[in-house]
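Chain residues, written in single-letter form:
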Amino acid sequence: MKKLICAATILFAVVACNNSSKTDDNTPVKWESFSGDKNIERKVDSLLALMTLEEKIGQLTQFAADWDVTGPVMSDDFQPYLEKGLVGSVFNAVTVPGVRKMQDIAVKKTRLGIPILFGYDVIHGYKTIFPMSLAEACSWDLDLMSQTAAIAAEEAAADGIKWTFAPMVDIARDPRWGRVMEGAGEDPFLGSEIAKARVQGFQGGTDWHSLNKTNTILACVKHFAAYGAAESGRDYNTAELSQHTLWNVYLPPYKAAIDAGVGTVMASFNEVNGIPATANRYLMTDILRKQWGFKGFVVTDYTGINELIPHGIAADNKHAAELAINAGIDMDMTGSNFIKHLKKSVEEGKVKEEAINTAVRRILEMKFVLGLFDDPYKFLDENRAKATLMKPEFLQVARTAVTKSVVLLKNNAEVLPITPDMVKKVALIGPMVKDSINQNGEWQGRGDRELSASLFKGLQEVYKDSKVQFSYAKGCTLTATTSADIAKAVATARAADVAVVALGEDYNWSGESACLTDIRLRAPQRELLRALKQAGKPIVLLVYSGRPLDLSEESELADAILQVWFPGTQSGYGIADVLAGKYNPSGRLVMSFPRNVGQVPVYYNQKATGRPVDPNNPMGDYRSKYEDSPITPLYPFGYGLSYTTFNISNVQLSSATLNKGGKLTVTAQVANTGKRDGEIVVQLYIRDLVGSVTRPVKELKGFQKVALKASESKQVQFEITEDLLAFYNADLKKVTEPGAFKLWVAQHSADNSNEKDFELK
């Protein structure tokens, strides 16, 4: 029996944790060097000693460049600060000539010549655009995600950018929230692994020396913290969650990024338990600095300090700046609050100059680490930019990323793949068939939407040497249709052997501030699909979206469904590779797909209730259920089909007991039982049956992507350690508690086969 914590102790711990976010202690944390290089530390201190208070505050200030047809330009209120050496960073100034123009002013025309750090949103590609981050996470391929981040870094660095505001690692359980597209889904274990992979891809590994190279950029993990927990799926909204949920669900991916060596952290817009993150010393100092030992610098999100006023925690911008710097914020993104107000706040004694000095040290050190002081123009080479951007090998990786990100949700009667020996005539129907504009999704960096390959273009290339004939009817736009358009589409489908129907979202319908209460395909698209069903031909539905959608009706109408997301520059080619069977889909969902919006949020690692649903009588009374819908998702976390079939069997444990400090080995036989080569994501789930605080019904604790030829089998192995079973208890201490556990080696989170028991002593 596990040790129980008395109610009084739990109450005390919860009160203490909630109050800790309102600490009045504004004592600055002592500077600890990110690099640990004594030579750099001496240079930082020497430069700091030369700086006036105003120049110091200038280093804590980021301005955003405007953009016109000739490139980045300085706004009227920006240039005077730059000419006085009062700008630490510039956002959105891109291209080598544009960056050089501003760096010239900072280096050649200011008193101390401190170089500028140039940042840009490089989220899922810079010029070569990869599948949106949520889509790429569905590959479960950490090496691929590290590689695409590295390519994005190389392209951005070649164009003068040395800092990206990525990766976003916010846990997302609500598909109404438009920013789910930027993250890695609903699971903290997988999210943590992906966070590490992307940080190391951007920064060239865990060694800080790599940041000095011309093919890496500084990463920024965001949004700290719990931005994905916004109530009602509405962007910027309150995140009201327990400390227990914060520590066990939302914080782990940020911690993983810190451990991977990320150089910067971005504060989130939302409040957490009553304190906006930008003014939350508990988050920015107590957790980030004191508990986790983060030594890089923290930047706000866009005008995050200004927004403390409408949040209702700051009286004016001066007050907001004081709250932010005292909480542990180092750089003000585009709000101009630090540069306009902090000098007076220091003079009034409301901010200690040591707090300014500490923040400046962090920023100056990062500029030394990046090599900007050695050569401010190191990353400015137009020839390198021309030779690097959208190189053929980068495009090939992008095409591969598309194939691995696609998730096959349904494939009745093996409608897919479409091969010439089975199909002669294919009807291409829907607004996404010839679309290139939406393929990159939101946050497309410097990608050119006109250059993204449409499905039509991809199919023409992939099937060019086959006898498959394609016909086309648009049928509808994303938002409208006519009876004539539908009639033409139905006639086109009837004349073919199979209809490939490409439907979905406009790219503007997901991303920042793009939140929805209705997550179905728009009505005209559903009307078209219903009409096509009457044609009596097999329907292959391709869904382009930036979020999981309610596909309950589509799952009844279509014979096969491919969730293709927003795939990026090589969209059409990669999808065509999957349709043709040149690549066997291996993607697995990282967010559950709801049956309807009323289920939201729906996620696999839920808690049990005192009255759980009886699986043998799911509609039984007085249980935690709905009267009008099952409580299970339409498609669960970890789910995805293949053109072949797999079987997991012979799960064995090295012991029924795991001793503290030891390890337990789990082995399983994985077989490809079909006729095609393919890949399976083997997933390890564990349940802690009794805890001092309640534990989820299942938690992902390991995964392996295994390639198997037809009829081939392999043994996979997982190791379970005490640390793998750890969680934060009521005192917010990370512990492992002895007791009984269950595990499953499964194909997805709802796969309850291959169950085993073990005990932690």
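Scope of this entry: the structure provided in the associated data block. All values reported here derive from a predicted model rather than from experimental measurement.

What counts, and where the lines are drawn
- Residues numbered from 1 in each chain as written.
- Predicted model: local features only at pLDDT ≥ 70, side-chain atom pairs only at ≥ 80, totals over all residues.
- Heavy atoms only, no water.
- Axes fitted to C-alpha atoms, helices over the stretch in contact; angles between N-to-C directions.
- Helix = DSSP H or I, 4+ residues; strand = E, 2+ residues; numbered from the N terminus.
- Left-handed = near helix turned anticlockwise from the far one by under 90°.
- Contact = heavy atoms within 4.5 Å.
- Phe/Tyr/Trp six-rings, centres within 6.5 Å; stacked < 30°, edge-to-face > 60°.
- Buried < 20%, exposed > 50% of the residue type's maximum accessible area, 1.4 Å probe, protein only.
- Pairing = 2+ DSSP bridges.
- Right-handed = clockwise from strand over helix to strand, strands pointing away.
- Core = buried A, V, L, I, M, F, W, Y, C linked by side-chain atoms within 4.5 Å.
- Lys, Arg positive; Asp, Glu negative; His and termini not counted.
- Salt bridge = Lys/Arg side-chain N within 4 Å of Asp/Glu carboxyl O.

## Re the packing of helix 7 (residues 142-158) against helix 17 (residues 392-405)
Phase 1 of the analysis: Relative to each other, helix 7 and helix 17 sit at 145°, their axes nearing to 11 Å. The two elements helix 7 and helix 17 meet at a crossing, and its hand is left-handed. Contacts from L144, Q147, T148, I151, E154 and E155 of helix 7 reach helix 17 at F394, V397, A401 and K404.

## Section: the packing of aromatic side chains
Phase 1 of the analysis: Inspection of the entire model under this criterion finds 26 aromatic pairs.
Phase 2 of the analysis: Pairing F224 with W292 gives two aromatic rings, centres 5.8 Å apart and planes at 55°, and the pair type is tilted. In this pair, F224 is assigned in strand 7 (residues 220-224) and W292 in the loop between helix 11 (281-291) and strand 11 (297-299), connecting sequence segments 68 residues apart.
Phase 3 of the analysis: Relative to F758, the ring of F741 has its centre 5.2 Å away and its plane inclined at 10°; by these criteria the two rings are stacked.

## Some words on the pairing of strand 17 (residues 539-544)
Phase 1 of the analysis: Burial analysis of strand 17 places six of its six residues in the buried class, the great majority of the element.
Phase 2 of the analysis: Direction of pairing for strand 16 (residues 498-504) relative to strand 17: parallel, over a ladder of six bridges. Counted as the bridge partner of A502 is L542 from strand 17.
Phase 3 of the analysis: The parallel pair strand 16 and strand 17 is bridged by helix 20 (residues 523-533), and the resulting crossover is right-handed.
Phase 4 of the analysis: Sheet topology places strand 17 next to strand 18 (residues 560-563); four bridges connect them, and they run parallel. When the sheet's bridge partners are listed, L542 is paired in strand 18 with L562.
Phase 5 of the analysis: Read as a crossover between parallel neighbours, the route from strand 17 over helix 21 (residues 552-557) to strand 18 is right-handed.

## A word on the pairing of strand 5 (residues 117-120)
Phase 1 of the analysis: Residues L117 and G119 line one face of strand 5 and the alternating positions F118 and Y120 line the opposite face, and both faces are buried.
Phase 2 of the analysis: Where strand 4 (residues 89-91) meets strand 5, three bridges bridge the pair, whose relative direction is parallel. In the sheet register, S89 faces strand 5, and the bridge partner there is L117.
Phase 3 of the analysis: Since strand 4 and strand 5 lie parallel, the crossover through helix 5 (residues 96-108) that links them has a hand, and here it is right-handed.
Phase 4 of the analysis: Note that strand 5 and strand 6 (residues 163-164) share two bridges and pair parallel. In the sheet register, G119 faces strand 6, and the bridge partner there is W163.

## Side note on unusual backbone geometry
Phase 1 of the analysis: Looking along the chain, the bond that leaves F224 and enters A225 is cis, with omega of 15°.
Phase 2 of the analysis: Residue position: A225 is located in the loop between strand 7 and helix 9 (243-250).
Phase 3 of the analysis: For the peptide bond that leads from V600 to P601, omega is 0°, which places it in the cis range.
Phase 4 of the analysis: Tracing the chain through its elements places P601 in the loop between helix 22 (571-579) and strand 19 (646-653).
Phase 5 of the analysis: Look at L732: it is not a glycine, yet its phi comes out positive at around 60°.

## Points about the environment of K56
Phase 1 of the analysis: Relative to the assigned elements, K56 resides in helix 3 (residues 53-59).
Phase 2 of the analysis: What makes K56 buried here is its relative accessible area of 7%.
Phase 3 of the analysis: When the C-alpha positions of K56 and S35 are compared, they lie 21 Å apart, and in sequence the two are 21 residues distant.
Phase 4 of the analysis: Setting aside residues up to four positions removed in sequence, K56 forms contacts with L48, M51, E353, I356, N357 and V360.

## Some details on the sheet that holds strand 16
Phase 1 of the analysis: Pairing is mixed across the open sheet formed by six strands, whose spatial order is 13-18-17-16-14-15. Two strands lie at the open edges of the sheet, namely strand 13 (407-411) and strand 15 (469-473), each paired on one side alone. Adjacent strand axes in the sheet meet at a mean angle of 20°, parallel and antiparallel pairs treated alike.
Phase 2 of the analysis: Here four bridges tie strand 13 to strand 18, and the two strands are oriented antiparallel to one another. Each bridged residue has a counterpart across the sheet, and for V407 the counterpart in strand 18 is Q563.
Phase 3 of the analysis: Packing against the sheet, helix 22 makes contact with strand 17 and strand 18, and its axis sits at approximately 150° to strand 17.

## Some points on the nonpolar core
Phase 1 of the analysis: Core analysis: the biggest nonpolar cluster contains 221 residues, and F224, F338, I356, L542 and L579 have the highest contact counts within it.
Phase 2 of the analysis: Per element, the largest residue contribution to this core is nine residues, and it comes from helix 15 (residues 353-369).
Phase 3 of the analysis: V670, L684, F718 and L725 belong to the second-largest nonpolar core, a separate cluster that totals 25 residues.

## Side note on the side chain of E554
Phase 1 of the analysis: As for its position among the elements, E554 is in helix 21.
Phase 2 of the analysis: R526 is the oppositely charged side chain nearest to the buried, salt-bridge-free E554, at an N-O distance of 4.8 Å.
Phase 3 of the analysis: In contact with E554, not counting residues within four places along its chain, are L521, R526, L529, L541 and I561.

## So, the pattern of salt bridges
A side chain with one charge can pair with a side chain of the opposite charge if their charged atoms come near.
Phase 1 of the analysis: For the coordinates displayed, the defined rule picks out 36 salt bridges.
Phase 2 of the analysis: The partner of R179 in a salt bridge is E512, with the nearest N and O atoms 3.4 Å apart. Of the two residues, R179 sits in the loop between strand 6 and helix 8 (188-203) while E512 sits in the loop between strand 16 and helix 20, which places them 333 residues apart along the sequence.
Phase 3 of the analysis: In this structure E512 comes out as partly exposed when scored by relative accessible area, which is 27%.
Phase 4 of the analysis: The salt bridge involving R530 is made with E553; its shortest N-O contact spans 2.5 Å. Of this pair, R530 sits in helix 20 while E553 sits in helix 21, and the two are 23 residues apart along the sequence.
Phase 5 of the analysis: What makes E553 partly exposed here is its relative accessible area of 26%.

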